[in-house]
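# A structural walkthrough
As a plain string of letters, each chain reads:
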Amino acid sequence: MQNHKVASILQQVADYLELDGVDFRTKAYRRAAHTIETLSVDVADMQKQGKLEELPGIGKHIHEKIEEILETGNLEYLENLKSEFPLDMDALMQVEGLGPKKIKLLYQELGIKNLDDLEKEAKRHHIRRLKGMGTKTEAEILQNIEFARKSIGRQLLGDVLPLAIEIKQRISTLDTVDQVQIAGSIRRRKETVGDIDILTVTQHPDEVMDYFTQMDLVGEVIVKGHAKSTVRLYNGMDADIRVFKESDFGSAMVYFTGSRELNIVLRKIALSKSMKLNEYGVFQEDVRLAGQTESEVFRALGLDYIPPELRENTGEIEAAQRGKLPELVDYNDIKGDLHIHTNWSDGKSSIWEMATKASGMGYEYLAVTDHTRLPVARGLDEERLTQQMNEIDQINEEMETITILKGAEVNLDSYGNLDISSDILRELDLVIAAVHYDLRQDPEKINERISRGLENEHVDILAHPTGRKLKERQPYKLDIENLFQKASESGTILEVNSQPKRLDLKDIHVKMATEYGCQLVVNTDSHHTSDLSYMELGVSTARRGWAEKKDIINTLPIKKLLKVIS
DNA sequence: GCCGTTTTCGGCCCGACTGTTTTCAGTCG
């Protein structure tokens, strides 16, 4: 599967074209890159079937470029652009305030190719001499270089969401604030986020701005105005706050939730109906048609309400026009967690503690699935598994509010065999199979290994199917479509793992899997009672993958669930 | 470079802010 590679090359072409001031062709390449990146099928398959040009934003020329990438792994066009501008685009673009135009000017006038060159020339005061630059720009650049160097990039949703909620709660304590909401990619629950966007309604903007910029979470204030302020938080992440009128709040939420791609299409739709859409409302001539609520804004454009998690312009707008949006699985639909660890292996909490917490969350059931054998995780052998089953029997007798299921997270060895004997596996309610070592196998081996696991009669669930860890490691080199095909044939359930670093399957894979007819389960893989709350991240990942309640087995009441995993 | 319920050619989302200007270009979201 080469979708990501193809998209990345097209994106780079756009970056370099932008240097040259090429406007609309740049946009065309970005649009094509977005189409490929979010495609829920293999771009190579589309190409073989001659269907590439049916995709939005892909015409004759980009079709040819994609063919070249698929055949040769490279794109000559991009290589030529690179040799014309031999500079570190990525790094320079990280410097706030520098865009393609200024980068080109700096390269042509001063030969600046990277951050080191940039720093040198700024310190020599050469930059202020250039047209359109001045002392302020030069000082700004020097200041921002340091930040660009240690730029942490996008952070994990799971790390940022609690911080955003904290800020929202603090602002909502102000008497003068009528409404406060989180917008941006956090609201869309994207797996990584670049900043925190907060929108408010208040009659006293200055008071809110003072409070926001003086919070103890703030490292430095970047901009402070009456309608908008930006701060850099202690952890290096930027947070924006904006003030709107009550009557505009819906259109502001649509606009600042994005995505950017969705906004562009919404505005085109408005234009096609001779309306105008901006963050202050929907207008026709000078008459205001909508703006107070999001639903009202969508309705004015002839669309059903689109849940934030779907707002990526990957087909949801067309679905909303035809009244065909999916009924997404809801956070309250989840009836239990089927993948957790306890202090029997590498977890920190006891079975009793985990069950008590889960019961408090309103769950009907909880499956205890400690590691087997894995030495680093103090994994269980047959004997200890048996002891653990006895303890679970006891706790089940004492606890009336929740049913604890007996399970295990069993290792797939390098050939796809399980490391616990069938006699014991047969006694368990639930068997999860997972790859935990020998991760860098060749595609052929890892595919065979996982296929064997899926075909094993004892295996109910495949945990974290691709093995990726955000900002840490690549997925296994597996053929994902083969995996979905096999899983749908064998009826093995695929996990959406809710750990902030994993979110595996990820959103577009969730969509692919359901299109193959696979059943899914959303699990937390908790190692502590506090991890159980990660469920929300998994559910939002499933929602981003268009999953409905019927696709997720842990939305079932216990009797039906037991039939599925029996 | 893509695309069409006005269009096969002439458009391509919109507004705020900043620093540099003396009416605007570049950047950002």
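Residues numbered from 1 in each chain as written. Chains lettered and ligands numbered in written order. Predicted model: local features only at pLDDT ≥ 70, side-chain atom pairs only at ≥ 80, totals over all residues. Heavy atoms only, no water.

Per an unreviewed UniProt entry, chain A is named DNA polymerase beta, and its organism is Methanobacterium formicicum.

### Description of the protein's contact with DNA strand B
The cut-off we apply is this: We define proximity as follows: a residue is near a molecule or strand when any one of its heavy atoms falls within 4 Å of that partner. Throughout this description, a polar contact denotes any pair of N or O atoms lying within 3.5 Å of each other; where both atoms belong to protein, one of them has to be capable of donating a hydrogen while the other can accept it, and for residues adjacent in sequence the pair is counted only when both atoms sit in side chains. Helix numbers and strand numbers start at the N terminus; a helix is a DSSP run of H or I with at least 4 residues, a strand a run of E with at least 2. Any residue outside Ala, Val, Leu, Ile, Met, Phe, Trp, Tyr, Cys, Pro, Asp, Glu, Lys and Arg is labelled polar, Gly included; the first ten of those are nonpolar and the last four are charged.
Taken together, 38 residues lie around DNA strand B, and Gly57, Gly59, Gly134, Tyr255 and Arg267 are the ones closest in. In DNA strand B, atoms within 4 Å of the protein come from the sugar-phosphate backbone in 68% of cases. Here a phosphate oxygen of DNA strand B and a backbone polar atom of Gly97 are 3.0 Å apart. Between a phosphate oxygen of DNA strand B and a main-chain N or O atom of Lys101, the distance comes to 3.2 Å. Of all the secondary-structure elements, those providing two or more residues to the surface near DNA strand B are α2 (24-37), α4 (60-72), α7 (100-110), α9 (135-149), α14 (260-272) and β8 (276-278). Per-class residue counts for the surface near DNA strand B are 16 nonpolar, 10 polar and 12 charged.

### Some details on the packing of helix α8 (residues 115-123) against α9
Selection rule: An axis is simply a line fitted to the C-alpha atoms; with a helix, the fit covers only the stretch in contact. Between two such axes, the angle follows the N-to-C directions and lies from 0 to 180 degrees. If an angle is under 35 degrees, it is roughly parallel; if it is over 145, roughly antiparallel; if it lies from 65 to 115, roughly perpendicular; otherwise it is oblique. Note on convention: near helix rotated counterclockwise from far helix by under a right angle means a left-handed crossing. Clockwise means right-handed. Pairs of residues are marked as contacts when any of their non-hydrogen atoms sit within 4.5 Å.
Axis separation between α8 and α9 bottoms out at 10 Å; the angle between their running directions is 150 degrees. Judged by the inter-axis angle, α8 sits roughly antiparallel to α9. Considering only the axes of α8 and α9, their crossing is left-handed. Residues Leu115, Asp116, Leu118, Glu119, Glu121, Ala122 and Lys123 of α8 lie in contact with α9, whose contacting residues are Glu138, Ile141, Leu142, Ile145, Glu146 and Arg149.

### Observations regarding the domain arrangement of chain A
It is common to give the size of an interface as the accessible area lost on bringing the parts into contact. Where we set the bar: The split of the chain into domains comes from an automatic or database domain assignment. Within this document, salt bridges are pairs made up of a side-chain nitrogen of Lys or Arg and a carboxyl oxygen of Asp or Glu, the two lying within 4 Å of each other.
Looking at the assigned domains, one finds that chain A contains domain 1 (3-151), domain 2 (155-244), domain 3 (249-322) and domain 4 (331-565). Between the C-alpha centres of domain 2 and domain 3 there is a distance of 23 Å. In this complex, domain 2 contributes 14 residues to the contact, which on the side of domain 3 involves 15 residues. There are two salt bridges connecting domain 2 and domain 3. The salt bridge involving Arg187 is made with Glu294; its shortest N-O contact spans 2.8 Å.

### Details of the packing of aromatic side chains
To keep it simple, the criterion reads: Note on ring pairs: Phe, Tyr and Trp rings are taken, using the six-membered ring of Trp, and paired if centres are within 6.5 Å. Classes follow the plane angle, with under 30 degrees stacked, over 60 edge-to-face and the rest tilted.
Applying the stated criterion across every chain, the model contains seven aromatic pairs. Seen from their ring centres, Phe244 and Tyr280 are 6.0 Å apart, and the 50 degrees between their planes marks the pair as tilted. Residue Phe244 is found in strand β7 (residues 238-244), and its partner Tyr280 is found in the loop between β8 and β9 (281-284); the two are separated by 36 residues along the sequence. Ring geometry for Phe484 versus Tyr516: centroids 6.1 Å apart, planes at 45 degrees, classification tilted. Taken as a pair, Phe484 in helix α21 (residues 480-490) and Tyr516 in the loop between α22 (507-515) and β17 (520-523) lie far apart in primary sequence, 32 residues in all.

### As for the sheet that holds β7
For clarity, the cut-off: Pairs of strands are assigned from DSSP output, requiring at least two bridges between the strands.
Overall, mixed pairing links the five strands, which are arranged β2-β4-β7-β6-β5 in an open sheet. On the outer flanks of this sheet lie β2 (177-182) and β5 (218-224), each paired with one strand and no other. Averaged over all pairs of adjacent strands, the angle between their axes in this sheet comes to 20 degrees, without regard to strand direction. Of the strand pairs in this sheet, β5 and strand β6 (residues 228-233) are connected by five bridges, and their pairing is antiparallel. The residue of β6 that forms the bridge with Val223 is Thr230.

### Here we look at α14
Put simply, the rule is: A helix's residues, less one, multiplied by 1.5 Å, set its expected span. Each residue gets one of three labels from its accessible area relative to the maximum for its type: buried under 20%, exposed over 50%, partly exposed in between, using a 1.4 Å probe on protein chains only. Throughout, the arc means that of the directions going from the helix axis to the C-beta atoms.
Under the 1.5 Å per step criterion, the end-to-end length of α14 is 19 Å for 13 residues, consistent within 8% with the ideal 18 Å. Of all the residues in α14, the buried ones are Leu262, Asn263, Leu266, Ile269 and Ala270. Along the long axis of α14, the arc covered by the buried residues comes to 125 degrees, so they all point the same way. Projecting away from the buried face of α14 at angles above 90 degrees are the exposed residues Arg260, Lys268, Leu271 and Ser272.

### Overview of the environment of Lys486
Examined against the element boundaries, Lys486 turns out to sit in helix α21. What makes Lys486 partly exposed here is its relative accessible area of 24%. In this structure, the C-alpha to C-alpha distance between Lys486 and Ala408, residues 78 residues apart in sequence, is 22 Å. Residues contacting Lys486, with those up to four places away along its chain left out, are Ser451, Leu454 and Glu455.

### Side note on the pairing of strand β12 (residues 365-368)
Rule in force here: The definition of a right-handed crossover adopted here requires that, viewed with the strands pointing away, the path from the first strand over the helix to the second runs clockwise.
Taking every second residue as pointing to the same face, both faces of β12 are buried, with Tyr365 and Ala367 on one and Leu366 and Val368 on the other. Sheet topology places strand β11 (residues 336-340) next to β12; three bridges connect them, and they run parallel. In the sheet register, Asp337 faces β12, and the bridge partner there is Leu366. For the handedness criterion, the β-α-β arrangement of β11, helix α17 (residues 351-360) and β12 is classed as right-handed. Strand direction decides the pairing type here: β12 and strand β13 (residues 403-411), joined by four bridges, are parallel. Within β13, the position partnered with Tyr365 by the bridge is Thr403.

### Thoughts on the nonpolar core
Note the cut-off: Residues enter a nonpolar core if they are buried and are Ala, Val, Leu, Ile, Met, Phe, Trp, Tyr or Cys, with the set joined through side-chain atoms within 4.5 Å.
Ranked by size, the top nonpolar core spans 57 residues in total, and within it Leu366, Ile450, Leu483, Phe484, Leu494, Leu520 and Ile552 carry the most contacts. If sequence neighbours within four positions are ignored, Leu483 has contacts with Ile450, Leu454, Leu462, Pro465 and Leu494. Membership of the second largest hydrophobic core comes to 47 residues, among which are Ala14, Leu17, Ala44 and Ala122.

### Concerning the sheet that holds β17
Read from one edge of the open sheet, seven strands run β11-β12-β13-β14-β15-β16-β17, paired in parallel fashion. Looking at which strands have only one partner, the edges of the open sheet turn out to be β11 and β17. The sheet contacts of helix α23 (residues 535-544) involve β11, β16 (493-497) and β17, and relative to β17 the element is tilted by about 150 degrees.

### Description of the pattern of salt bridges
Using the criterion set out here, one finds 30 salt bridges in the structure. Here Glu18 and Arg30 are joined by a salt bridge, their closest N and O atoms 2.6 Å apart. Of this pair, Glu18 sits in helix α1 (residues 3-19) while Arg30 is found in helix α2, placing the two residues 12 residues apart along the sequence. Look at the salt bridges and you will find they share partners, linking Glu96, Glu220, Arg232 and Asp238 into a network.

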